[in-house]
Amino acid sequence: MWPIIPNRQALPALYQWSTFAMLLKRNIPIRYVAGKIKVELIAITIFATLVATLYEHFHLWRISIPLAVPMIMGTVISLLLAFRSNQAYDRWWEARTVWGAIVNDSRTLARQVKTLSREAYEGDELFFFKQRFIKRQIAWCYSLSRSLRNQDATAGLEPYLVKREVQFAGNYANIPMALLELHGYDLQKALENNWINEYQQVAIDQTLTRLCDAMGKCERIKNTVFPATYGLYIHFALVIFFILLPFALIDVFGIILYIPAIVAIASVFFLIEKMAIHLQDPFENKPTDTPMTAICGTIERDLKQVIDEEVPEPRKQQADFYLL
């Protein structure tokens, strides 16, 4: 069986060194927003300036087209962008819902392990068993968040796992799965030692099953690629739209105002496209990610309170609108 944790001293919090990102309820700087579409805006500005030069200095009045042409295209593209944005948000919200369930099941697991045991068998071995089990659940949450972001899922888990558990998990490609397997071994040990009865084993095993299901749902979202052709066709339609738009607006706004008007319209369309691209992948270590680091920090706080350990201080803010 696995060795026990040698002491009850508070351990450093993993999320104090984590490098993940999460959004805060603050205003996002304009420079961050503009940086997402700067290439597109520069290209649109250069093209619109070229059209204005041909129109003004070479007197090519026939290059203008009816405004209805780009308006029809703009309406179609707006519908496509709205559909893609809704689908991307659904993926993001599903990821957040799954992690909400992980919070609930982690708390449930800690409560079950803490309380579902016979008082007659309370002792040092059972005490350290509970400590090891609950700390392993904290490690599971952090390892899952890191594996979803294609980072080293074993990094920083030593404060929560004993040495043999770290070695055992290191032999698995799926570290969170290995930690759930260790949960299962300890659950069987608790039954053999009469710390819990068969009904309690079934209840705790059901909680572990829900955690495994949540892990599978996250992996499905992570590994299911949003159809590339759909995004490509929308982007191609946007390019065609903004090639035609200068020829329609130059007569409406005139030489001076039509370039700012085109840049403003382009900003709206390209920002919506970028928003959908970022939201469709909620586990890519971006500021628009599902805030798994903050969620894991909440789980760690709650579970350490269950085992009467010192609760780690939350990380200080590192930027104006997101945590690194």
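Caption draft 1: Layout of the overall build of the protein. Helix and strand content of the protein: nine helices and two strands. Beginning at the N terminus, the succession of helices and strands in the protein can be written as β-α-α-α-α-α-α-α-α-α-β. Taking the contacts inside the protein whose residues are at least 6 apart along the sequence as the reference set, 83% of them involve residues at least 24 apart. Roughly 16,700 Å² of accessible area belongs to the protein as shown, and the carbon and sulfur atoms make up 61% of that amount.

Caption draft 2: The arrangement of empty space enclosed by the protein in detail. Throughout the structure, instances matching the rule amount to one cavity of 30 Å³ or more. Lining the largest cavity are twelve residues, with Val113, Phe129, Ala190, Ile196 and Ile204 sitting closest to its centre. Secondary structure elements with two or more residues in the lining of the largest cavity: helix 3 (68–115), helix 4 (124–148) and helix 6 (175–192). Among the elements that take part in the lining of the largest cavity, helix 4 stands out by supplying three residues, more than any other. The residue inventory of the lining of the largest cavity, partitioned by class, reads ten nonpolar, two polar and no charged.

Caption draft 3: Local environment of the pattern of salt bridges. Across all of its chains, the model carries 14 salt bridges by this definition. In this structure, the salt-bridge partner of Glu165 is Arg136, at a minimum N-O distance of 2.5 Å. Here Glu165 is found in helix 5 (residues 163–170), whereas its partner Arg136 is found in helix 4, with 29 residues between them in sequence. No difference in accessibility class separates Glu165 from Arg136, as the two residues are buried. For the salt bridge of Lys222 with Glu284, the shortest nitrogen-to-oxygen distance reads 2.8 Å. Linking Lys222 in helix 7 (residues 198–223) with Glu284 in the loop between helix 8 (228–279) and helix 9 (292–306), this pair joins segments that are 62 residues apart in sequence. The class for Lys222 is buried, based on a relative accessible area of 17%. Among the charged side chains, a network of salt bridges with common partners joins Arg132, Arg136, Glu165 and Asp186.

Caption draft 4: Quick look at the packing of helix 2 (residues 38–57) against helix 8. Two numbers describe how helix 2 lies on helix 8: the axes approach to 10 Å, and their chain directions differ by 170°. The orientation of helix 2 relative to helix 8 falls into the category roughly antiparallel. Residue composition of the contact of helix 2 with helix 8, by class: 19 nonpolar, three polar and four charged.

Caption draft 5: Region of interest: the nonpolar core. Counting residues in each nonpolar core, the largest one holds 48 residues, and the members touching the most others are Trp99, Ile102, Trp140 and Phe283. Among the secondary structure elements, those contributing two or more residues to this core are helix 3, helix 4, helix 5, helix 6, helix 7 and helix 9. For this core, the element with the highest residue contribution is helix 4, accounting for eleven residues. For Ile102, the residues in contact, after removing those within four places along its chain, are Trp140, Cys141, Leu144, Leu211, Ala214 and Ile299.

Cut-offs applied
Residues numbered from 1 in each chain as written. Predicted model: local features only at pLDDT ≥ 70, side-chain atom pairs only at ≥ 80, totals over all residues. Heavy atoms only, no water. Helix = DSSP H or I, 4+ residues; strand = E, 2+ residues; numbered from the N terminus. Contact = heavy atoms within 4.5 Å. Areas by Shrake-Rupley, 256 points an atom, 1.4 Å probe, with all protein chains shown as cover. 1 Å grid on protein atoms, 1.4 Å probe; cavity = no way out; pocket = protein on both sides within 12 Å on 5 of 7 lines; lining within 4 Å. Points joined across faces, edges and corners; volume = space filled by probe spheres on them. Nonpolar A, V, L, I, M, F, W, Y, C, P; charged D, E, K, R; others polar. Salt bridge = Lys/Arg side-chain N within 4 Å of Asp/Glu carboxyl O. Buried < 20%, exposed > 50% of the residue type's maximum accessible area, 1.4 Å probe, protein only. Axes fitted to C-alpha atoms, helices over the stretch in contact; angles between N-to-C directions. Parallel < 35°, antiparallel > 145°, perpendicular 65-115°, else oblique. Core = buried A, V, L, I, M, F, W, Y, C linked by side-chain atoms within 4.5 Å.

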